[in-house]
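Chain and residue survey
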Amino acid sequence: MNDSTKIREIEICSGALYDVPNILNKVGINSKILIVCDKNTYKVAGLTLKNVLEDKKYDVQLCNLNRTGNLVPDEKAVGEVLIHLNDGIEAMIAVGAGTINDVVKFVSSKSKIPYGIVATAPSMDGYASSVSPLIVNGFKRTYDATYPIFIVGDTKILKDAPYDMITSGFGDIIGKFTSLADWYIGSLITGEDYSEEIANDVKKSLAECVNVSKSLKSKDESAIGKMMEALILSGISMLKFGNSRPASGAEHHLSHFIEMRELSNGEIRHSHGVKVGIMTKIAVKLYNTVFSFNKDDIIEMMKERKSESKEEFEFRISKNFGNLSSEVFKDIGYYYLDEDKRKMRQERILGNWDTMKKWVSENVPTVEYVDELLNDAGAPSDVAYLDLKYDELSDVLLNAKDVRKRYTILRLAEDINIDKIFDMAIKN
Ligand SMILES: [Zn+2]
């Protein structure tokens, strides 16, 4: 795979685990390694990796983040890795998926000791990323971290990952249908940077995933390998752009909001990409609803639009986010748009309506198509899977848009006529 980032080696193939000494050699790591794993990843890859490295005379230390329940990327996990970071360790190897990587990449950025990844599941597109979502004080926040020096994905191991981790990776990529659309319309409405080249990379990773959707259930090694490559490519796109804009839009904001509700009830119940996949269907539904109209209809809808006063906005936020609101809005601040600024945005929407409508018709699929893809891959596709009832959806849509400042289909709906659009999208 060709990449322009500083990730120096990426190897996705059958038996890649046995090539780790060779890769370490190429990146100039020669003696002392810390392997970070948990009880599951130790069994599927950590122990073999330890043996393979020791055979090549590496001094291998082990940090096993053993838990009775689920491993969480929290203060305790970060502390445990730090405690194992003895003098002379040249590099860490994260053996695992999302959680272990998030912990190791954070420790790597603080300690300045590089790390590589031996992935055990194609579960999300964050392998190449340089940020780390951690749960600190019970609240999930994204911290600056660093990217890995190498990524290894042994398809023999990846194919045997728990199947919901495979569908999670699939859902995370399917979300690019709407993240790309949000990025494009955002660039027209708010004037933010947009890169055709990076968008094309993300489209490529989406196409690769769509191509293998029917072959995942049979755990076909080459299909799993293709999906892993797509996940890494998506991650690299974010690295190239400098933030997650190309690969994270309304479908992710909806997923974050639902995750916050899960977390406030004690635990994260569904994996990231599973939520993203289901929420992509909802975001696609909004796109299809909004862009079924012509400019004249939109002008009428804008006239009938009810505005939300600052007081009403603050009341809604504190009611829906409760004691999380100070954490949620610590970094981004409340994003309340006054009506003068709203008018300017509405003018831009009308001025760009036909361009956006054309782009959406060419790039955003139908809900039925997304449904079919999720079903082909054996991924959950119904909101009921997330313990969410359809009548709760408008509430989720309304509040999820405030999780980030980013312009998305949710904010476009808000600028046009949020009540009407959400109502139509949910009822249909
Ligand atoms: Zn994601």
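Every chain is numbered on its own, with residues counted from 1 as its sequence reads. The model is predicted, so local features are restricted to residues of pLDDT at least 70 and side-chain atom pairs to those at 80 or more, both for listing and for counting; the totals for chains, interfaces and linings are taken over all residues. Hydrogens and water are ignored here; the side-chain numbers use all heavy atoms of the structure.

A separate point is the coordination of the zinc ion. Water is not part of the atom set, so a site may look incomplete; the donors themselves are N, O and S atoms within 2.8 Å of the metal, or 3.2 Å for Na, K and Ca. Within the protein, the zinc ion binds to Asp-172 (OD), His-252 (NE2) and His-272 (NE2); these donor distances fall in the range 2.1 to 2.2 Å. Taken in sequence order, the residues that donate to the zinc ion follow the motif D-x79-H-x19-H. Placement of Asp-172 in helix 6 (residues 163–174) and of His-252 in helix 10 (residues 250–264) is noted, with a sequence separation of 80 residues between them. Only DSSP runs of H or I covering at least 4 residues are called helices, and only runs of E covering at least 2 are called strands; the numbering of each starts at the N terminus.

Here we come to the packing of aromatic side chains. What counts as a ring pair is set by centres within 6.5 Å for rings of Phe, Tyr and Trp (its six-membered ring), and what kind of pair is set by the plane angle: stacked under 30 degrees, edge-to-face over 60, tilted for all other angles. Tallying each qualifying case throughout the model produces 10 aromatic pairs. On the numbers, 4.6 Å between centres and 15° between planes, the contact of Phe-291 with Trp-353 is stacked. Pair noted here: Phe-291 is in the loop between helix 11 (272–290) and helix 12 (295–303) and Trp-353 is in helix 16 (residues 353–363), with a separation of 62 residues, a long-range link. Three exposure classes are used, based on accessible area relative to the maximum for each residue type with a 1.4 Å probe and protein chains only: buried under 20%, partly exposed in between, and exposed over 50%. Relative accessible area serves as the criterion here: at 0%, Trp-353 is assigned to the buried category.

What follows covers the sheet that holds strand 5 (residues 115–119). Two strands pair under a simple rule: DSSP has to find at least two bridges between them. Spatially, 1-8-5-4-2-3 is the arrangement adopted by the six strands of the open sheet, whose pairing is parallel. In this open sheet, the two strands that pair with only one neighbour each are strand 1 (9–13) and strand 3 (59–64). Each strand of the sheet is rotated relative to its neighbour by a mean of 15°, with strand direction disregarded. Of the strand pairs in this sheet, strand 2 (residues 32–37) and strand 3 are connected by six bridges, and their pairing is parallel. Each residue of the ladder has a partner; that of Cys-37, found in strand 3, is Asn-64. Along the sheet, helix 4 (residues 98–111) contacts strand 2, strand 4 (91–96) and strand 5; its crossing angle with strand 4, the most-contacted strand, is approximately 165°. Between N-to-C directions, angles cover 0 to 180 degrees, with each direction set by a line fitted to C-alpha atoms, over the stretch in contact for helices. Should any heavy atoms of two residues lie within 4.5 Å, those residues are counted as being in contact.

Bringing unusual backbone geometry into the picture now. Even without being glycine, Lys-57 reaches a positive phi, approximately 70°. Mapped onto the fold, Lys-57 is located in the loop between helix 2 (39–55) and strand 3. Owing to a relative accessible area of 72%, Lys-57 belongs among the exposed residues under this scheme. Backbone geometry at Lys-219 places phi at a positive 55°, although glycine is not the residue there. Along the chain, the position of Lys-219 falls in the loop between helix 8 (196–212) and helix 9 (221–241).

What follows covers the packing of helix 13 (residues 310–321) against helix 18 (residues 393–400). Put simply, helix 13 and helix 18 touch, their axes get as near as 11 Å, and they point 115° apart. Between helix 13 and helix 18, the crossing angle belongs to the class labelled roughly perpendicular. Regarding helix 13 and helix 18, the two cross each other, and that crossing is left-handed. From helix 13, Arg-316, Asn-320 and Phe-321 reach across to helix 18, where they touch Asp-395, Leu-398 and Asn-399. Residues are grouped as follows: Ala, Val, Leu, Ile, Met, Phe, Trp, Tyr, Cys and Pro are nonpolar; Asp, Glu, Lys and Arg are charged; all remaining types, including Gly, are polar. Residues belonging to the contact of helix 13 with helix 18 are distributed by class as follows: two nonpolar, two polar and two charged. Small angles under 35 degrees read as roughly parallel and large ones over 145 as roughly antiparallel, with 65 to 115 read as roughly perpendicular and the rest as oblique. By definition, turning the near helix anticlockwise from the far helix through less than a right angle yields a left-handed crossing, and turning it clockwise yields a right-handed one.

The periodicity of an α-helix, 3.6 residues per turn, causes residues three or four places apart in sequence to face the same way. Counted at 1.5 Å a residue, the expected span for helix 15 (residues 339–351) with its 13 residues is 18 Å, and the 18 Å between its end C-alpha atoms agrees. All buried positions along helix 15 are accounted for by Arg-342, Arg-345, Gln-346, Ile-349 and Leu-350. The arc enclosing the buried residues of helix 15, seen along the axis, measures out at 140°, which places them on a common side. Facing away from the buried side of helix 15 by over 90 degrees, the exposed positions are Asp-340, Lys-343, Met-344, Glu-347 and Gly-351. Residues of helix 15 that are buried sit in contact with helix 7 (176–190), helix 12, helix 16 and helix 19 (409–416). Two N or O atoms form a polar contact when they lie within 3.5 Å of each other; inside protein one atom must be a possible hydrogen donor and the other a possible acceptor, and for residues adjacent in sequence the pair counts only when both atoms belong to side chains. For helix 15, the capping residue at the N-terminal end is Asp-338, with a side-chain oxygen 3.2 Å from the backbone nitrogen of Asp-340. Multiplying 1.5 Å by the residue count of a helix minus one yields the expected span of that helix. Picture the helix axis, draw a direction to every C-beta atom, and the arc is the one those directions span.

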